[in-house]
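Here are the chains, one letter per residue:
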Amino acid sequence: MTFLPLHHTPQILCLLLIISHIAAQTGTDSTCSSNSTSSCKTYVVYRAQSPDFLNLGSISDLFEVSRLSLKKASNLSSEDVQLIPNQLVLVPVSCGCSRSNFSANITYQIKPGDSYHVLSIQSFANLTNWHTAIDFNPTLNPNSLKIGVEVVIPIFCKCLTKSQLDKGHKFLLTYIWQPDDNMALVSSMLNSSVDDIAAANNYKNFSVAVGFPVFIPVKQLPALRQPSYSPPPVTKKSSHPPIVAVTLMGALIFVSVCLLILISLRSHRRKTLDPEDTGLDTDDSIVTKANSGPKAVDKLLPGVSGYLGKAVMYEKEVIMEATMNFDEHCSIGGSTYRGTVQGNVVAVKKAKHDITNELRLLQKVNHANLVKFMGISTDTDKYYFLVYEFAENGSLDKWLTPKVSCSSSSINFLTWDQRLSIALDVASGLQYLHEHTQPRIVHMDIRTSNILLDSKLKAKIANFSRAKPLTDSSILKADVFAFGVVLLELLSGKRATEAKKGGDMVMLWKEIRVILEVEERIEERLRRWMDPNLKNSFSIDSAMSLATMAKVCTGEKSSSRPNMAEMVYNLSVLNQQSSEALDTSWIGGLEAQESIQIISPLAAR
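The name an unreviewed UniProt entry gives the chain is Protein kinase domain-containing protein, with Papaver somniferum as the organism.

Right, here's the structure in full:
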């Protein structure tokens, strides 16, 4: 198939755009309505694409989900299975209402050769429209996407209507209709009825749906018929192997023996790391060492290393040299120090407590909004040194409430848009922990001092010393409450709790309730309470929405608090509205204020 480049003639691009809109209007309808839930968990049917997306690792990275979730949903025998082109994979997505249409918004980092058109047709296999992707990234030039820049890719999806829920349906699968498809084939393949498929879509003739999304109502996920995978046949050995084979085998054995001798001799000259000294079980230990630099460990924890980049074991001498023997001038707060290893700046956390649980959890997470764990070291005094990526702009609390005595001129106040972006980053990191890790993880210590900012002010959740695997879903709401407090600190520029004269404690989550409980002059009270550094750089409607979200998150009853998926969705909408308000060139001559529609966080629940 030949694909048209983005710089093709305007007439052809306009024709493609018109055809796409006509097909969307006469076929599948993804517009939001009061008859549907505003957000949901659902699945899209992805076709494995050659050559870059023929394994679960690349597909999981593309859609920001775990391999395990892909394996389970897609009826695959293994997470490491090699896929064939066009093989079906069920991908879980979070679907929500954005710009009056349902979509699952995926963050993607531009790579060499990428364009919106290539991404929509090839990488995402028609599960998105390139012109819609352009609309979702109004600040970027679609004809000049820089490598490394992050873009939002809106994936086709839709939530069930009330009538569909009443019929017992659990999901609306997004399926891209193929040239050889027919209703009987698709209904059998995806375990849905012909009548239900016809009712969920507006096509009179599904032959015109080729290349476009069709929604498939299902009462349970289909057990996809996947190709069987057999190990390659073992060739029967000859009873009289050739002389050459015997010679090669002998040489191999000789080299192996020499290597074993060298390793044995070297082990007498170097101190080895004893798993018993580290407090880690042998099966779960990091036992490969690094002298002047890192060496990848093949299996850090069973069933985990396949998901993530490899961490390393550093020699103690490397860590001591990197931090100048943990000199106070390298301290960046508490027991964490800045260091340089092979020219790369890292953060080294010095710990004496048992880190077994923390290490286990760190090996199971990998997300852009979680601080990256790079490796570990230890010494004879039972100290552990955890090595992380370095966040150039430090912790969030130092930006919101800098010390009066601080002489550094590098700490500036955060703009309104930066605060919204940070809030979305933290929510995305928490949603990943709560919903996309195996097992699911509760952080248990979300606060501004544990939120780090990199050189581009992207927020990353840090400090997993109190994190634990989820045993009771209600515990997740503890993180939601703490996140609500972070939102209040972003709004007010104040600490979560402060002592007044006389010893009384002022708590932000109580203050916001007082501000929002009376409608009269509510905007005036909120403005007075908010961070004075913001001045008039924000929309009061946007501030009201964020304050309402914070209030809901910090509700006294944990059952009334939203989940993090709902917060990610609402903050995504708020961020989008804020960026649209700043760039009036993208609103077709309308007044910026007319383009803003604040969505209450309660509407997404």
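Novice: Please give an account of the overall build of the chain that cites residues and values.
Specialist: Check the secondary structure of the chain and you find 19 helices and 17 strands. Per-residue burial for the chain yields a buried fraction of 47% across its 605 residues. For the chain, restricting intrachain contacts to residue pairs at least 6 apart in sequence, the fraction spanning at least 24 positions comes to 68%.

Novice: How would you sum up the pairing of strand β2 (residues 88–98)? Please name residues and give values.
Specialist: The buried count for β2 comes to ten of eleven residues, which makes it a mostly enclosed element. Examined bridge by bridge, strand β1 (residues 39–47) and β2 share nine bridges and lie antiparallel to one another. When the bridges of β2 are listed, Ser39 appears paired with Gly96. The pairing of β2 with strand β3 (residues 101–109) spans three bridges and is antiparallel. Each bridged residue has a counterpart across the sheet, and for Gly96 the counterpart in β3 is Ser103. Joining the antiparallel neighbours β2 and β3 is a turn of two residues, in which Arg99 adopts a positive phi near 55°.

Novice: Break down the pattern of salt bridges for me, citing the residues and quoting the values.
Specialist: As enumerated under the stated definition, the model contains twelve salt bridges in all. Arg419 is the partner of Asp531 in a salt bridge, and the nearest nitrogen-oxygen pair spans 2.9 Å. Taken together, the residues Asp531 in the loop between α17 (522–529) and α18 (540–553) and Arg419 in helix α14 (residues 416–435) connect sequence positions 112 residues apart. Residue Glu524 pairs with Arg521 through a salt bridge whose shortest N-O separation is 2.8 Å. When salt bridges with common partners are traced through the structure, they connect Asp445, Arg447 and Arg466 into a single cluster.

Novice: Outline the side chain of Ser187, supporting the account with residue identities and numerical values.
Specialist: Topologically, Ser187 is positioned in helix α7 (residues 183–189). Separated by 3.0 Å, the side chain of Ser187 and the backbone oxygen of Ala184 make a polar contact. Leaving out residues up to four positions away in the same chain, Ser187 has contacts with Ser192, Ser193, Val194 and Ile197.

Novice: Give me the lowdown on the nonpolar core, citing residues and values where you can.
Specialist: Within the largest apolar cluster, 74 residues are counted, with the highest numbers of intra-cluster contacts made by Phe483 and Leu526. For this core, the element with the most residues is α14, which contributes ten residues. A domain-level breakdown of this core finds at least three residues from each of domain 2 (312–390) and domain 3 (418–582). Ignoring anything within four residues of it in the chain, the contact list for Phe483 reads Ala423, Val426, Ala427, Leu430, Ile446, Cys553, Met564, Met567 and Leu571. Ranked by size, the runner-up nonpolar core spans 42 residues in total, among them Val44, Val65, Phe102 and Ile155.

Novice: Tell me about helix α4 (residues 116–123), residues and numbers included.
Specialist: Turning to α4, its buried residues are Tyr116, His117, Leu119, Ser120 and Ser123. A positive phi of about 50° marks Ala125, the residue just after α4.

Novice: Could you give me a rundown of the state of the cysteines, with the residues and numbers involved?
Specialist: Here the structure, examined in full by the defined rule, presents three disulfides. Here Cys40 is linked by a disulfide to Cys159, with a sulfur-sulfur distance of 2.2 Å. When the S-S torsion is -95°, as for the bridge of Cys40 with Cys159, the disulfide is left-handed. One end of the pair, Cys40, is in strand β1; the other, Cys159, is in the loop between β4 (150–155) and α6 (162–166), and 119 residues separate them in sequence. Here Cys159 falls in the buried class, since its relative accessible area comes to 0%. What links to what in the chain: the bonded cysteines, counted in sequence order, pair as 1-4, 2-6, 3-5.

Novice: Which residues make up the confidence of the model for the chain, and what are the values?
Specialist: The pLDDT averaged across the chain works out to 79; a share of 75% of its residues lies at or above 70. Ranking the elements of the chain by mean pLDDT puts helix α10 (residues 275–278) last, at 39, and strand β14 (residues 459–461) first, at 97. Throughout residues 291–309 the model reports pLDDT below 50, and contacts reaching past four residues in sequence, or to other chains, amount to 57 contacts.

Novice: So, the sheet that holds strand β11 (residues 384–389): which residues are in play, and what are the values?
Specialist: Strand order in the open sheet formed by five strands is β7-β10-β11-β9-β8, and the pairing between neighbours is mixed. The open sheet terminates on both sides in strands that have one partner only, identified here as β7 (312–313) and β8 (336–341).

Novice: Before we move on, could you go through the environment of Asp327 and cite the residues and values that matter?
Specialist: By the element assignment, Asp327 lies in the loop between α11 (316–322) and β8. A residue is classified by how much of its surface remains accessible, and Asp327, at 24% relative accessible area, is partly exposed. Taking C-alpha positions, Asp327 is 8.3 Å from Tyr337, a pair spaced ten residues apart along the chain.

Novice: Describe the packing of helix α16 (residues 508–516) against α18, with residues and values.
Specialist: Remark: α16 packs on α18, axes separated minimally by 10 Å, with the N-to-C direction vectors making an angle of 125°. The angle between α16 and α18 falls in the class oblique. In the crossing of α16 with α18, the sense of the turn from one axis to the other is left-handed. Across the interface between the two elements, Ile512, Arg513 and Leu516 of α16 pack against Met544, Ala547, Thr548 and Lys551 of α18.

Novice: Hey, could you go over the pairing of strand β9 (residues 344–351) for me, with residue numbers and the actual values?
Specialist: Inspection of the sheet shows β8 paired to β9 by six bridges, in the antiparallel sense. Bridging from a neighbouring strand, Thr340 pairs with Val345 of β9. Counting the residues that bridge the hairpin from β8 to β9 gives two residues, and of these Gln342 lies at a positive phi of roughly 50°. Examined bridge by bridge, β9 and β11 share six bridges and lie antiparallel to one another. Each bridged residue has a counterpart across the sheet, and for Val348 the counterpart in β11 is Val387.

Novice: Kindly report on the packing of aromatic side chains, identifying the contributing residues and their values.
Specialist: Under the definition given, this model contains twelve aromatic pairs. Ring centres of Tyr175 and Trp177 lie 6.2 Å apart, and the angle between their planes is 85°; this geometry places the pair in the edge-to-face category. Owing to a relative accessible area of 1%, Tyr175 belongs among the buried residues under this scheme. Centre to centre, the rings of Phe481 and Trp509 are 5.6 Å apart; their planes meet at 70°, and the pair counts as edge-to-face.

What counts and how
Residues numbered from 1 in each chain as written. Predicted model: local features only at pLDDT ≥ 70, side-chain atom pairs only at ≥ 80, totals over all residues. Heavy atoms only, no water. Helix = DSSP H or I, 4+ residues; strand = E, 2+ residues; numbered from the N terminus. Buried < 20%, exposed > 50% of the residue type's maximum accessible area, 1.4 Å probe, protein only. Contact = heavy atoms within 4.5 Å. Pairing = 2+ DSSP bridges. Salt bridge = Lys/Arg side-chain N within 4 Å of Asp/Glu carboxyl O. Polar contact = N/O pair within 3.5 Å; in protein donor to acceptor, adjacent residues only side chain to side chain. Core = buried A, V, L, I, M, F, W, Y, C linked by side-chain atoms within 4.5 Å. Domains from an automatic or database assignment. Disulfide = S-S within 2.5 Å. pLDDT = per-residue confidence, 0-100. Axes fitted to C-alpha atoms, helices over the stretch in contact; angles between N-to-C directions. Parallel < 35°, antiparallel > 145°, perpendicular 65-115°, else oblique. Left-handed = near helix turned anticlockwise from the far one by under 90°. Phe/Tyr/Trp six-rings, centres within 6.5 Å; stacked < 30°, edge-to-face > 60°.

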